[in-house]
Amino acid sequence: MDGSNDWASTILVLLILGSFLLNFTDIPQKMQLWRYSSYIRKKIIQLTEIEDESKRKVIKYLSRLNVENPRKVLEGFIDNFFMISPVDIEPTDIIRRMRHLIRTRDDLIRKYVEENLPNATLVQRQNAEVLLEISSVLTLINKIVKHYFQLGLKYNNWILMMQLALELQQIVKLAKAYDDAMDSFMKGIPIGDGAGPLVAHYLKGNAEPVEILKETVYYVTEIEGRKVYVIKAKGPGSTVGWPGEAVEKIINDLGRSVSRIITVDAALKLESEKTGEVAYGVGAAIGDPGPEKIAIERAATKYGIPLDAVVIKMSNEEAINTMTKQVFEGVRKAIEIVKKIIKEKVPKDGIAVVVGIGNTVGIT
Amino acid sequence: MLDPMTIVILAILAFIITYMTVTAMRSRQEPLKKKIIVTQLKCSSCDYSEKREFKEGDYVGKEVGKCPKCSGKLLVEAIYLEEVEGIPELRSAVSIPKSSQPQKNTGKY
Ligand SMILES: [Zn+2]
């Protein structure tokens, strides 16, 4: 027997043994489980760092506002203030129930912040609300990831582990985006989602605001010779206001004399689309859980007023972070489109209602 | 003399090592783009406008002083994130949140 023959037979034995191990035992799955779980463990450390970072930011912001015990305020907020969705197998009046729950929660949060930040201005309180919410969301994300990770380990569920590992890159990216977004809210810088309110800001010109609802204002102005009611959340604090109910109120006052309702909002882009692209269509462009959107649709339907939607496209991360130049350029394009709609589709003596939907942080 | 089997095994080993190093390296390099938050100011009466770095307290619509040309109201016209190239006077600016930089999917676990 010469050397090469000996080699060949050893390899052959190893191959047969190897294929037996790979095909008839759990070893490959165990190895995958181990590989994925060590990857997830690393990402969980990253998520925990992000969570801690966000808590530090909130505490820093609150102590700057002379809150006595900022840690206690933060801990009292996280995990609390959840909202249980209304029953949906019996959909009668679900919108009213949902609106009631959303408002109750909003009031509770506002009261909580008011009690703990008695000396802060309205804008500071509104920004603190958002900071607390973001920190709370980051804690929740981390908890959910840990939950599935521990479930996977407990039951040796390597498919669950693999799914979690594959999703985690996106989850961490979103968490990072939320954490970065806190800087914008702390300093009061406009965010991508502010595209709608920014369009409204430019359209209103020098008109004076009229407060129609809590945190919601409207302006009466003239565009292309037509009377235009511009609705937006009241800035420059971080709030989205109640644009749906505001539209409902104004339409109920003006009735059939309104010829057009135009909603302007930021919209999630598809991966292949460019940030700042502007598109228009029909319907209410607003991404709330339901009550605000349906208020606009009902008001428009009641008087048969056509409903136009103009959207400025951006990614999820861009929507919650400092407004980028591309989004800003989108805002410019959207203004032209709104003006064109008013010029072409509203008669000279008609009235148009333009609604800038979104968070108005950093925009009056 | 090396026999063919050793060469095959060595080749496979070399391939695995190269593959692992390449994926590890690819995950490390992230493009670094410098961006800065810009505040654009505009006069409400004439067409004067200027750009400067964002200062805390700025918001769109805020009155920040008088126009140097006609002493009308100088208002904040816009605030946005911009890449530094193109505005040399703002080049001193620092880097920005990481999430606004594109992240590569390395597909490595
Ligand atoms: Zn001037």
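The rules behind the values
Each chain carries its own residue numbering, running from 1 in the written order of its sequence. Both sets of labels track the order of writing: A upward for chains, 1 upward for ligands. The predicted nature of this model means local features are confined to residues of pLDDT at least 70 and side-chain atom pairs, given and counted, to a pLDDT of 80 or more, with totals for whole chains, interfaces and linings taken over all residues. Only hydrogens and water are set aside; all other atoms, that is, all heavy atoms of the structure, feed into the side-chain values. Only protein chains enter the area calculation, which uses a 1.4 Å probe; residues under 20% of their type maximum are buried, those over 50% are exposed, and those in between are partly exposed. Strands here are runs of E lasting at least two residues and helices are runs of H or I lasting at least four, both read from the DSSP assignment and numbered beginning at the N terminus. Pairs of strands are assigned from DSSP output, requiring at least two bridges between the strands. Distances decide who is a donor: an N, O or S atom must be within 2.8 Å of the metal, or within 3.2 Å for Na, K and Ca. Water is not included, so sites may look incomplete. Donor angles set the geometry label: tetrahedral for four donors if every angle is between 85 and 135 degrees, square planar for four and octahedral for six if opposite donors exceed 155 degrees and the others are between 65 and 115, irregular for anything else. An automatic or database domain assignment provides the domain bounds reported here. In what follows, a contact means two residues having at least one pair of non-hydrogen atoms within 4.5 Å. A simple way to read buried area is as the amount of 1.4 Å-probe accessible surface that goes missing from two parts once joined, with both sides added. Any carboxyl oxygen of Asp or Glu within 4 Å of a side-chain nitrogen of Lys or Arg constitutes a salt bridge here. Here a polar contact is taken to be a pair of N or O atoms separated by no more than 3.5 Å, where protein atoms must pair a possible hydrogen donor with a possible acceptor and residues adjacent in sequence count only if both atoms sit in side chains. Note that Gly is not counted as nonpolar here; it falls among the polar residues with everything else outside the nonpolar set of Ala, Val, Leu, Ile, Met, Phe, Trp, Tyr, Cys and Pro and the charged set of Asp, Glu, Lys and Arg.

Describe in detail the pairing of strand β7 (residues 351–356) of chain A, supporting the description with residues and values.
Residue and element names in this part refer to chain A. By the criterion of burial, β7 is predominantly enclosed, with six of the six residues buried. Relative to β7, strand β3 (residues 226–233) is paired through six bridges, and the arrangement is parallel. What sits directly across from Tyr229, in β7, is Val353. Summarising the sheet, strand β4 (residues 258–268) and β7 pair through six bridges and their orientation is parallel. The partner of Val264 across the bridge, within β7, is Gly356.

Got a sec to walk through the coordination of the zinc ion? Specific residues and values, please.
Residues and elements named next belong to chain B. Donor atoms from the polypeptide that bind the zinc ion are Cys43 (SG), Cys46 (SG), Cys67 (SG) and Cys70 (SG), placed at 2.3 Å. In this structure, the zinc ion is surrounded by four donor atoms whose angles at the metal cover 104 to 114°, and the resulting shape is tetrahedral. For the zinc ion, the donor residues sit on a single chain with the sequence spacing C-x2-C-x20-C-x2-C. Taking relative accessible area as the criterion, Cys46 reaches 22% and is therefore assigned partly exposed.

Lay out the domain arrangement of chain A in plain terms, naming residues and giving numbers.
All names here are of chain A. Assigned domains within chain A: domain 1 (27–187) and domain 2 (192–356). Measuring from the centre of the C-alpha atoms in domain 1 to the corresponding centre in domain 2 gives 29 Å. Listed as interface residues are 20 residues of domain 1 and, on the opposing side, 19 residues of domain 2. Together, the buried faces of domain 1 and domain 2 total about 1800 Å²; carbon and sulfur atoms form 55% of this surface. Looking only at domain 1, the three residues that lose the most surface to domain 2 are Ile95, Arg103 and Gln126, adding up to 29% of its buried area. Between domain 1 and domain 2 we count four salt bridges in total. Applying the counting rule to domain 1 against domain 2 returns seven residue pairs in polar contact (both at pLDDT 80 or more). For the side of domain 1 that touches domain 2, the secondary structure elements donating two or more residues are α4 (94–116), α5 (122–154) and α6 (158–187). Residues belonging to the side of domain 1 that touches domain 2 are distributed by class as follows: ten nonpolar, three polar and seven charged.

Please set out unusual backbone geometry residue by residue, giving values where relevant.
Residue and element names in this part refer to chain A. The residue after Gly235, namely Pro236, is reached through a cis peptide bond having omega 0°. By the secondary structure assignment, Pro236 is in the loop between β3 and α8 (243–254). One non-glycine residue, Asp79, adopts positive backbone phi at about 80°. The residue Glu224 is not glycine, and still its phi comes out positive at about 50°. By the secondary structure assignment, Glu224 is in the loop between β2 (216–223) and β3.

I'd love a proper account of the side chain of Glu292 of chain A, names of residues and values included.
All names here are of chain A. Its location among the elements puts Glu292 in helix α9 (residues 291–302). On the accessibility criterion, Glu292 (6% relative accessible area) is buried. When sequence neighbours within four positions are dropped, the list of residues in contact with Glu292 reads Arg103, Trp242, Pro243, Gly244, Glu245 and Ile286.

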